[in-house]
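# Topology and contacts: notes
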Amino acid sequence: MRSFSIIFSILFLFSMKLATQDVSVLDQYRWENRILLLFADTEESVIYKDQLQTLEREKSEMDDRDLLVFKVFPQKVITPEGKVMGEEIATQLRQKYRTQNNTYAVVLIGKDGGQKLNQSSLLSTEKLFGIIDQMPMRRREMKDKSD
């Protein structure tokens with residue numbers, strides 16, 4: 001019985017470490033960057049490819065808004081720097097932002113770490129930038145640039 005308790009405790013602590021890992025993945029960007037999570041079932045998904053093309057056309061506008069893109073698939077996550085993370089991180093992000101493996105979704109996370117948008121259709125840059133530009137922190141950034 002004692003060995004069962006020890007094994008259970010170890011498994012519990014390990015699962016807690018995994019559960020907090022996704023937070024640390026995104027936490028390193030908090031207060032520095034806004035995050036756009038692109039969830040797709042495959043890299044060949046038409047809507048996913050369309051979304052990437054839409055975003056790539058506005059690279060300078062995204063940079064101006066400190067916006068980084070994470071690509072989340074069922075088996076992996078690709079960070080903005082190109083680092084590939086495993087299935088457990090992908091699963092945790094899907095659970096945290098309530099998306100399914102076989103669905104497309106876009107989630108916008110502000111510099112404060114809060115979720116600002118979650119939608120399951122193609123996101124226009126006009127809508128994306130409109131949401132960001134209404135954020136208090138972004139308004140301060142724009143004001144500071146004009147001063």
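Here's a quick rundown of the structure. Everything quoted here is computed from the prediction, not taken from an experiment.

### What to know about the environment of Y29
As for its position among the elements, Y29 is in the loop between α1 (2–27) and β1 (34–39). Judged by its relative accessible area of 7%, Y29 falls in the buried class. The sequence separation of Y29 and G113 amounts to 84 residues, and the corresponding C-alpha distance is 8.6 Å.

### Some words on the pattern of salt bridges
In the structure shown here, the tally under the stated rule is 15 salt bridges. In this structure, D64 and R138 form a salt bridge, with 2.8 Å as the shortest nitrogen-oxygen distance. Separated by 74 residues along the polypeptide, D64 in helix α3 (residues 59–64) and R138 in helix α6 (residues 136–146) bring together distant segments of the chain. On the basis of relative accessibility, which here comes to 29%, the residue D64 falls in the partly exposed class. Residue K145 is joined to D64 by a salt bridge in which the shortest nitrogen-to-oxygen separation is 2.2 Å. You can see K145 sitting in helix α6 and its partner D64 sitting in helix α3, a full 81 residues away along the chain. Each of the salt bridges in this network shares a partner with another, and the network as a whole consists of R34, E61, D64, R65, D66, K111, D133, R138, E141 and K145.

Thresholds applied
- Residues numbered from 1 in each chain as written.
- Predicted model: local features only at pLDDT ≥ 70, side-chain atom pairs only at ≥ 80, totals over all residues.
- Heavy atoms only, no water.
- Helix = DSSP H or I, 4+ residues; strand = E, 2+ residues; numbered from the N terminus.
- Buried < 20%, exposed > 50% of the residue type's maximum accessible area, 1.4 Å probe, protein only.
- Salt bridge = Lys/Arg side-chain N within 4 Å of Asp/Glu carboxyl O.

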